[in-house]
2 protein chains.
Amino acid sequence: MHMVVRTFEKNEIIYSEGDEPKNLLCLIKGKVKIYKEGVGGRNQIVRVVRPVEYFGYRAAFSEENYVTGAAAFEASTIAIIPMRLIYSIVDRNAHLCNFFIRKLAKALGKSDERTVNLTQKHIRGRLAESILFLKENYGVEEDGCTLSIYLSREDMANLSNMTTSNAIRTLSLFAQEKMIAIDGRKIKIINEEALRKTSEIG
Amino acid sequence: MHMVVRTFEKNEIIYSEGDEPKNLLCLIKGKVKIYKEGVGGRNQIVRVVRPVEYFGYRAAFSEENYVTGAAAFEASTIAIIPMRLIYSIVDRNAHLCNFFIRKLAKALGKSDERTVNLTQKHIRGRLAESILFLKENYGVEEDGCTLSIYLSREDMANLSNMTTSNAIRTLSLFAQEKMIAIDGRKIKIINEEALRKTSEIG
DNA sequence: GGAAAAGCGTGTTTTTTAGCATACCTTTGT
DNA sequence: ACAAAGGTATGCTAAAAAACACGCTTTTCC
């Protein structure tokens, strides 16, 4: 009945679809994906978490089991706070209550936008958008243009709703077109304007 | 600074993407769609509202303008409650606060599931799912199998993430396969089991 | 009541995307 | 150091979905 902090190694699962939510999680250090298993082993990343953000509490508040899973993109440090503690505080702390309302409301808006982006844009648009999203969310290295997250092609695909081969193919195309430069998992944004345009028009 | 009730006619817009959210809405009677404009005039219905449900408050809580629009599927009666009233109550009423947390948390879970269903299932799966969804959400007529909502083919398409012609074609196929019977906009579920299977396997 | 518009049905073509197969290159673990 | 496994690259084929074209029917509105 008290908070603990533990580390998760790269690719370690933090919780799985169907698990009962007992804790509020707070990412102290690292990078985490929230994903959903789809048809034929294909996963869809629905959200990503950066430090310092809370996650894993939605299911608890709606009294359901998790409908998504969470895993560490890279070695991560996470604070684990029993939801029972939270419930008792929320009940008499309007401030905390508003905090969660706000977080949930923002996440819902993002989720709705994401639904449309993933369903209506074409492959190039979706991938361009993912690259920009990763930049906005996790930032870049000191050079100002290399994404500071290094994802496998499969994770890029799962983020962008496409097959791994299409992610590989389209990344190569973007590199040919000098919108990005790729070196293994390192993605450098060369022409952000073009990328933005691609993400908008498809 | 007080609640009003007004009616909206069929297809009338209740609020639009980009509008500033000032009110909490409550659908008293009728049926409402929450949708998002996509690429090339294609809309995606992200949620539907039935009586008696609250809607239109998400954007207010997250202090954004609306990212979705709302319109009446059919003639509807709606209570309009200024958000300013709500804010003042939420601040000191833990019960109401929990109500909104719960609603938002549930909606977010649904939205995540919807994202994956819309992106990964094939046309047949998506349409079958929409039909079952409409049954669960709005129910059936006295005969126990005719959906009590009558949508245009275009709305069926917008609900299922497909073009209007594909919605028309696939509905005809389902009718040929005796899973449903169609008579204009009337959809009768003949073989729910088959429909459910179609929605699962694609 | 009749013209115009909106909605529906069906067939064909084209584009987009998934699915495979194969080769090569990097890690990982022993 | 080496085998095995996992990840990346590329080409080809098949399937799915969109786009288009056209005719027909129903609604809407002067």
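The model shown is predicted, which means the values in this text are computed figures rather than measured ones.

Enquirer: Explain the overall build of chain A to me, using residue names and the numbers behind them.
Expert: Helix and strand content of chain A: 7 helices and 10 strands. Over its C-alpha trace chain A gives a radius of gyration of 18 Å, about what one expects of a compact globule, namely 17 Å for 202 residues. Seen along its three principal axes, the alpha-carbon backbone of chain A occupies a region of about 55 × 35 × 35 Å. For chain A, the computed accessible surface area is about 9,500 Å², with 50% contributed by carbon and sulfur atoms.

Enquirer: So what about the protein's contact with DNA strand C? Which residues, and what values?
Expert: Neighbouring DNA strand C are 15 residues; Ile123 and Asn166 of chain A together with Arg153, Arg169 and Arg185 of chain B lie closest to it. A distance of 3.2 Å separates a base oxygen of DNA strand C from a polar side-chain atom of arginine 169 of chain A. Mapped onto the surface near DNA strand C, the elements with two or more residues apiece are α4 (123–138) and α6 (164–176) of chain A together with α6 (164–176) of chain B.

Enquirer: Tell me about the protein's contact with DNA strand D, and please be specific about residues and values.
Expert: Of all residues adjacent to DNA strand D, which total 15 residues, the nearest are Arg153 and Arg185 of chain A together with His122, Ile123 and Asn166 of chain B. Near-protein atoms of DNA strand D (within 4 Å) split between backbone and bases, with sugar and phosphate holding 74%. Taking arginine 185 of chain A, its side chain carries an N or O atom lying 3.2 Å from a phosphate oxygen of DNA strand D. Isoleucine 123 of chain B places a main-chain nitrogen or oxygen 3.1 Å from a phosphate oxygen of DNA strand D. Contributing elements (two or more residues each) for the surface near DNA strand D: α6 of chain A together with α4 (123–138) and α6 of chain B. The class makeup of the residues in the surface near DNA strand D is 3 nonpolar, 6 polar and 6 charged.

Enquirer: Break down the pattern of salt bridges for me, with residues and values.
Expert: Within the structure shown, the criterion is met by 30 salt bridges over all chains. Here glutamate 64 of chain A ties to arginine 58 of chain A by a salt bridge, and the two come within 3.0 Å at their closest N and O atoms. Note that arginine 196 of chain B is salt-bridged to glutamate 136 of chain B, the shortest N-O span being 3.9 Å. Note that arginine 196 of chain B is positioned in helix α7 (residues 192–201) and glutamate 136 of chain B in helix α4, a separation of 60 residues in sequence.

Enquirer: Which residues make up helix α7 (residues 192–201) of chain A, and what are the values?
Expert: All names here are of chain A. By the burial criterion, the buried members of α7 are Leu195, Thr198 and Ser199. Down the axis of α7, the buried set is contained in an arc of 100°. They therefore lie on one face. Within α7, the exposed residues directed more than 90 degrees away from the buried face are Glu193, Lys197, Glu200 and Ile201.

Enquirer: Please give an account of the packing of α4 of chain A against α7 of chain A that cites residues and values.
Expert: All names here are of chain A. Orientation of α4 relative to α7, taken along the N-to-C sense of each, is 130°, at an axis distance of 7 Å. In this view, α4 runs oblique relative to α7, as classed from their interaxial angle. With respect to the hand of their crossing, α4 and α7 are arranged in left-handed fashion. Within the contact between the two elements, α4 uses Arg124, Gly125, Ala128, Glu129, Ile131, Leu132, Lys135 and Glu136 and α7 uses Glu192, Leu195, Arg196, Thr198 and Ser199. Class assignment for the residues of the contact of α4 with α7 results in 4 nonpolar, 3 polar and 6 charged.

Enquirer: I'd love a proper account of the relation of the copies chain A and chain B, names of residues and values included.
Expert: Rotating chain A by 180° and moving it 0.0 Å along the rotation axis overlays it on chain B with an RMSD of 0.0 Å. When the rotation and shift are considered jointly, the pair of chain copies conforms to a two-fold rotation axis.

Enquirer: Outline the state of the cysteines, supporting the account with residue identities and numerical values.
Expert: Evaluation of the coordinates by the stated rule reveals 1 disulfide over all chains. Between cysteine 97 of chain A and cysteine 97 of chain B runs a disulfide, and the two sulfur atoms are separated by 1.9 Å. Of the two residues, cysteine 97 of chain A is situated in helix α3 (residues 94–120) and cysteine 97 of chain B in helix α3 (residues 94–120); the pairing between them involves two chains. Cysteine 97 of chain B matches cysteine 97 of chain A in its accessibility class, with the two residues each being buried. No disulfide involves cysteine 26 of chain B; its sulfur sits 19 Å from that of cysteine 97 of chain B, the nearest cysteine.

Analysis parameters
Residues numbered from 1 in each chain as written. Chains lettered and ligands numbered in written order. Predicted model: local features only at pLDDT ≥ 70, side-chain atom pairs only at ≥ 80, totals over all residues. Heavy atoms only, no water. Helix = DSSP H or I, 4+ residues; strand = E, 2+ residues; numbered from the N terminus. Rg over C-alpha atoms; globule rule 2.2 N^0.38 Å. Areas by Shrake-Rupley, 256 points an atom, 1.4 Å probe, with all protein chains shown as cover. Near = heavy atom within 4 Å. Polar contact = N/O pair within 3.5 Å; in protein donor to acceptor, adjacent residues only side chain to side chain. Nonpolar A, V, L, I, M, F, W, Y, C, P; charged D, E, K, R; others polar. Salt bridge = Lys/Arg side-chain N within 4 Å of Asp/Glu carboxyl O. Buried < 20%, exposed > 50% of the residue type's maximum accessible area, 1.4 Å probe, protein only. Arc of directions from axis to C-beta. Axes fitted to C-alpha atoms, helices over the stretch in contact; angles between N-to-C directions. Parallel < 35°, antiparallel > 145°, perpendicular 65-115°, else oblique. Left-handed = near helix turned anticlockwise from the far one by under 90°. Contact = heavy atoms within 4.5 Å. Least-squares fit on C-alpha atoms with pLDDT ≥ 70 in both. Disulfide = S-S within 2.5 Å.

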